[in-house]
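# What the coordinates show
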Amino acid sequence: MAILDRLEEIDRRAREAAEALSRPEAAADSRRFRELAREHARLERGSQLLARYRQTLERRDQAMKLRSDETDPEMIALAEDEERQALELLAVLENEIRVFLIPPDPQSGRDIIVELRAGTGGNESALFVADLLRMYSR
């Protein structure tokens, strides 16, 4: 699966970024350190998704093996239920992985300036702008 290959690459890159952050010379260049920290934080989510996906695959495989090896109807029903839950979780994880793999917007980390002015309307417009200022500053 190509998606898993991309996640494997992201996981490898996250480990490399963590290793680079742990080196003493990384702290010498604050700009580079900040970039590495941001990259590691973003990539760590991919590592977590990969780990959860692998655990769920293992859970599904164990349930399938138990279902095929078992003769007790209650254990078979339990294994089928476990397998069904694992398959549902796999579908959810696959969607999360697809969303994660969408490249981030290059403008998303930038600062903005917002100017708020009371317009015509007297006190009411000033109160409204004050409410907006409180909302945006929080």
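The structure contained in this document is the topic of the report that follows.

Analysis parameters
Residues numbered from 1 in each chain as written. Predicted model: local features only at pLDDT ≥ 70, side-chain atom pairs only at ≥ 80, totals over all residues. Heavy atoms only, no water. Salt bridge = Lys/Arg side-chain N within 4 Å of Asp/Glu carboxyl O. Helix = DSSP H or I, 4+ residues; strand = E, 2+ residues; numbered from the N terminus. Buried < 20%, exposed > 50% of the residue type's maximum accessible area, 1.4 Å probe, protein only. Axes fitted to C-alpha atoms, helices over the stretch in contact; angles between N-to-C directions. Parallel < 35°, antiparallel > 145°, perpendicular 65-115°, else oblique. Left-handed = near helix turned anticlockwise from the far one by under 90°. Contact = heavy atoms within 4.5 Å. Core = buried A, V, L, I, M, F, W, Y, C linked by side-chain atoms within 4.5 Å.

## Focus on the pattern of salt bridges
One pass over the full model with this rule turns up 19 salt bridges. Glutamate 39 is paired through a salt bridge with arginine 13; the nearest N and O atoms lie 2.9 Å apart. Here the residue glutamate 39 occupies a position in helix H2 (residues 30–69), and arginine 13 occupies one in helix H1 (residues 2–22), the gap between them amounting to 26 residues. For glutamate 39, a relative accessible area of 26% puts it in the partly exposed group. On the basis of relative accessibility, which here comes to 24%, the residue arginine 13 falls in the partly exposed class. The shortest N-O distance in the salt bridge between aspartate 131 and arginine 134 comes to 2.3 Å.

## Focus on the packing of H1 against H2
Remark: H1 packs on H2, axes separated minimally by 7 Å, with the N-to-C direction vectors making an angle of 135°. As summarised for this structure, H1 and H2 are arranged oblique, according to the angle between their axes. The two elements H1 and H2 meet at a crossing, and its hand is left-handed. Residue-level contacts link Leu4, Leu7, Glu8, Ile10, Asp11, Arg13, Ala14, Ala17, Ala18, Ala20 and Leu21 of H1 to Phe33, Leu36, Ala37, Glu39, His40, Leu43, Glu44, Gly46, Ser47, Leu50, Tyr53 and Arg54 of H2.

## A few points about the environment of glutamate 9
One can find glutamate 9 in helix H1. Here glutamate 9 falls in the partly exposed class, since its relative accessible area comes to 41%. For the pair glutamate 9 and serine 47, spaced 38 residues apart in sequence, the C-alpha to C-alpha distance is 9.5 Å.

## A word on the nonpolar core
In terms of nonpolar packing, the biggest core is built from 12 residues, these being Leu7, Ile10, Ala14, Leu43, Leu49, Leu50, Tyr53, Leu90, Leu93, Ile97, Phe100 and Leu101. Counting only elements with at least two residues in this core, the list comes to H1, H2 and helix H3 (73–100). Every residue in contact with phenylalanine 100, bar those within four places of it in the chain, is listed here: Leu7, Ile10, Arg42, Leu43, Arg45, Gly46 and Leu49.

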